[in-house]
Amino acid sequence: MRYVNGMRGSAMAVVVASAALAVAGCQPGAGGAGTGAGGVTPSGAVSSTASSSAPGTPKPGSSASGSTTPSAPGSSSPAASAPPSSAPASGGSAATCSAGSLKATARQAAVRPAGTGTGAAVVEFTNVSGRTCVLDGHPTVAGAGNGSPEMNVPLTVKPTGAAAPVKVAPGGKAWVKLTFVQVQGEADGYCVSGSAPVLYPTMVVRLPGSGAHQVALDDGQFAECDDTVTVTAVSAVMPS
């Protein structure tokens with residue numbers, strides 16, 4: 001029994017001595033056991049002297065959770081400050097549309113004189129260039145025999161309406177309307193004047209300063225009388 005009690009007393013003495021050493025090692029100034037430069041913290045994490053921030057203080061530019069602090073008001077990212085992909089057209093007078101900047105198409109007009117011929121056609125000009133340009137004036141018109149421009153038959157043009165410059169933006173459109181002397185009757189028809197009706201596969205429409213454009217109807221051919229046509233000035237509004 002004495003031997004057992006002696007062992008227990010010795011064990012308790014060792015535990016007390018170990019606890020005393022552990023407490024002493026955690027006191028400030030204890031060499032190699034505290035949080036000195038390059039030392040190990042009680043939790044086992046390596047401490048660093050590179051940061052001057054106090055423990056628990058967020059670093060500049062970051063929040064306590066580690067997320068980036070939002071930019072100051074008025075600042076912008078490179079993407080936000082990039083120039084827009086397109087800009088309004090610059091001021092000043094636009095040049096007259098060249099022949100190459102226009103695409104012309106034609107269709108039979110909804111409003112036309114009664115009869116069996118073409119009656120009237122709307123010619124549409126689309127600006128296929130990358131710049132705004134101007135169309136102006138009344139067109140001249142010629143029938144293309146066999147669809148060949150070299151076999152043109154100039155028509156007598158009767159202009160109607162006042163002409164005014166029309167600015168056409170890239171992709172924009174402008175129009176003129178051609179109204180013919182209508183063919184009457186059935187089958188081949190007849191002309192009120194007594195002349196024979198004429199059939200043209202295409203028409204050549206020339207705009208002042210903007211070249212000649214050969215157009216075919218989207219359905220059918222141009223049938224007319226007396227080789228006479230009434231034309232409107234170029235318009236920014238599509239005629240009926």
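Residues numbered from 1 in each chain as written. Predicted model: local features only at pLDDT ≥ 70, side-chain atom pairs only at ≥ 80, totals over all residues. Heavy atoms only, no water.

## Let's talk about the pattern of salt bridges
Reasoning step 1: Enumeration over the complete set of coordinates arrives at one salt bridge.
Reasoning step 2: In this structure, Lys173 and Glu124 form a salt bridge, with 3.4 Å as the shortest nitrogen-oxygen distance. In this pair, Lys173 sits in strand 8 (residues 173-181) while Glu124 sits in strand 2 (residues 120-127), placing the two residues 49 residues apart along the sequence. (Salt bridge = Lys/Arg side-chain N within 4 Å of Asp/Glu carboxyl O. Helix = DSSP H or I, 4+ residues; strand = E, 2+ residues; numbered from the N terminus.)

## Examining the state of the cysteines
Reasoning step 1: One pass over the structure, following the stated rule, counts two disulfides.
Reasoning step 2: The residue that forms a disulfide with Cys97 is Cys133, at a sulfur-sulfur distance of 2.0 Å. Disulfide Cys97-Cys133: the torsion about the S-S bond is 90°, which places it as right-handed. Linking Cys97 in the loop between helix 1 (2-25) and strand 1 (102-108) with Cys133 in strand 3 (residues 133-135), this pair joins segments that are 36 residues apart in sequence. This pair shows no difference in class: Cys97 is buried, exactly as Cys133 is.
Reasoning step 3: For Cys191, the disulfide goes to Cys225, at an S-S distance of 2.0 Å. One disulfide, between Cys191 and Cys225, carries an S-S torsion of -90° and so falls in the left-handed class. Placement of Cys191 in the loop between strand 8 and strand 9 (198-200) and of Cys225 in strand 12 (residues 222-232) is noted, with a sequence separation of 34 residues between them.
Reasoning step 4: Its relative accessible area of 4% is what places Cys191 among the buried residues.
Reasoning step 5: Cysteines bonded in the protein chain are numbered consecutively along the chain; their disulfide partners then correspond to 1-2, 3-4. (Disulfide = S-S within 2.5 Å. Buried < 20%, exposed > 50% of the residue type's maximum accessible area, 1.4 Å probe, protein only.)

## Structural notes on the environment of Leu135
Reasoning step 1: Note on placement: Leu135 falls in strand 3.
Reasoning step 2: Accessibility expressed as a relative area gives 1% for Leu135, which makes it buried.
Reasoning step 3: Each C-alpha atom, one on Leu135 and one on Gly209, is 8.3 Å from the other, the two residues being 74 residues apart in sequence.
Reasoning step 4: Leave out the neighbours within four places in its chain, and Leu135 touches Cys97, Leu102, Phe125, Ala164, Pro165, Val166, Val168, Ala174, Leu207, Ser210 and Val234. (Contact = heavy atoms within 4.5 Å.)

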